[in-house]
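Listed below, chain by chain, are the residues.
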Amino acid sequence: MADLDVGDVAPQFDLPRDGGGSISLASMRGKPIVLYFYPQDDTTSCTNEAISFSQLKPEFEKAGAVVIGLSPDSVKKHDKFKTKYDLTVDLVADEERKVIEAYNLWVEKTMYGRNYMGVERATFLIGKDGRIAGIWRKVRVKGHAEAVLEAVRAL
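No experiment lies behind these values; they were computed from the predicted model shown.

Peer 1: Account for the overall build of the protein, with residues named and values stated.
Peer 2: Helix and strand counts for the protein come out as five helices and nine strands. When the elements of the protein are put in sequence order from the N terminus, they spell out β-β-β-α-α-β-α-β-α-β-β-β-β-α. Overall, the protein is about 40 × 35 × 30 Å in size when its C-alpha atoms are taken along their principal axes. Here the protein holds 155 residues, and 46% of them are scored as buried. Sequence separation of 24 or more characterises 63% of the internal contacts of the protein that already satisfy a separation of 6 or more. Mean positive and mean negative side-chain charge positions of the protein (22 and 23 charges, respectively) differ by 2 Å.

Below, the structure written as C-alpha cells:
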C-alpha cells in the first residue's frame with residue numbers, strides 16, 4: 001500500500017472511543033482534525049505525547065480543531081490510561097488495525113536487534129474538507145504537539 005500524501009482524501013473511520021460510544025471522521029467534517037497514531041497506552045513516549053496534546057487541547061479548540069489519539073489498545077485500556085494521567089484528548093481503539101493499515105502505519109520496526117510489526121508514531125492533520133493537510137511521520141515527541149498546533153493555526 002502506498003503512503004498517503006498531503007491533498008489525499010483521509011481514509012474514513014468509525015471507531016469505539018474512551019468512555020463509550022464511537023467517533024467517526026465523517027461526523028467531524030467541517031473542522032480540522034488532528035489524528036495522531038501511537039503504539040501503546042502507558043509507555044513513556046506515548047504518555048508524554050498524550051500529555052502534550054492534552055495540555056494544548058484548549059489551544060487546539062480555540063483554533064477550531066479536534067484532537068484524537070488512535071492506537072490498537074482496547075477502550076478499557078484507554079479509559080485506564082486517561083484516568084491515570086488525567087488526559088483530555090479523545091482516544092479511539094483500533095484493535096483490528098483496519099485504520100492503522102489504511103493509513104499505512106503498520107510497519108516493521110526494530111528494537112534491541114529484534115524485528116517486529118508495530119504502529120509507526122505519526123500524526124495527520126485533516127482539513128475541513130476531509131483532505132490531508134499535513135503529515136508527520138516517525139514522530140519525535142518533544143515539541144511535536146506544538147508544531148502540529150502551529151500547522152492548525154496556519155490552515
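Peer 1: Break down the nonpolar core for me, citing the residues and quoting the values.
Peer 2: If you look at the biggest cluster of nonpolar residues, it comprises 23 residues, and the most contacted ones within it are F13, L35, F37, I68, L70, Y103 and F124. Those elements that provide at least two residues to this core are β3 (33-37), β4 (66-71), α4 (98-102) and β8 (122-126). The residues contacting I68, other than those within four sequence positions of it, are F13, I23, M28, I33, V34, L35, Y36, D90 and V92. If you look at the next biggest cluster of nonpolar residues, it comprises 19 residues, including C46, V89, L125 and V148.

Peer 1: An account of the packing of aromatic side chains is requested, with residue identities and associated values reported.
Peer 2: Taken as a whole and judged by the stated rule, the model has eight aromatic pairs. Between the aromatic rings of Y103 and F124, the centroid separation amounts to 4.9 Å while the plane-to-plane angle is 70°, which identifies the pairing as edge-to-face. On the criterion of sequence distance, the pair formed by Y103 in the loop between α4 and β6 (106-111) and F124 in strand β8 is long-range, its members being 21 residues apart. Judged on exposure class, the residue Y103 and its partner F124 are both buried. Put simply, the rings of Y36, Y38, F53, F60, F81 and Y85 pair up and form one aromatic cluster. Positioned over the ring face of W106 is R97, at 3.8 Å from the centre of the ring.

Peer 1: Account for the side chain of S54, with residues named and values stated.
Peer 2: By secondary structure assignment, the location of S54 is in helix α1 (residues 44-55). Overall, the relative accessible area of 9% leaves S54 in the buried class. If sequence neighbours within four positions are ignored, S54 has contacts with L87, T88 and V89.

Peer 1: Break down helix α5 (residues 144-154) for me, with residues and values.
Peer 2: Taken as a whole, α5 has its buried residues at H144, A145, V148, L149 and V152. Looking down the long axis of α5, one finds its buried residues gathered within 135° of arc, a one-sided arrangement. Against β3, α1, α2 (57-62), β8 and β9 (132-137) lie the buried residues of α5.

So, how was this worked out
- Residues numbered from 1 in each chain as written.
- Predicted model: local features only at pLDDT ≥ 70, side-chain atom pairs only at ≥ 80, totals over all residues.
- Heavy atoms only, no water.
- Helix = DSSP H or I, 4+ residues; strand = E, 2+ residues; numbered from the N terminus.
- Buried < 20%, exposed > 50% of the residue type's maximum accessible area, 1.4 Å probe, protein only.
- Contact = heavy atoms within 4.5 Å.
- Lys, Arg positive; Asp, Glu negative; His and termini not counted.
- Charge placed at Lys NZ, Arg CZ, Asp CG, Glu CD.
- Core = buried A, V, L, I, M, F, W, Y, C linked by side-chain atoms within 4.5 Å.
- Phe/Tyr/Trp six-rings, centres within 6.5 Å; stacked < 30°, edge-to-face > 60°.
- Lys NZ or Arg CZ within 6 Å of the ring centre and 35° of its normal.
- Arc of directions from axis to C-beta.

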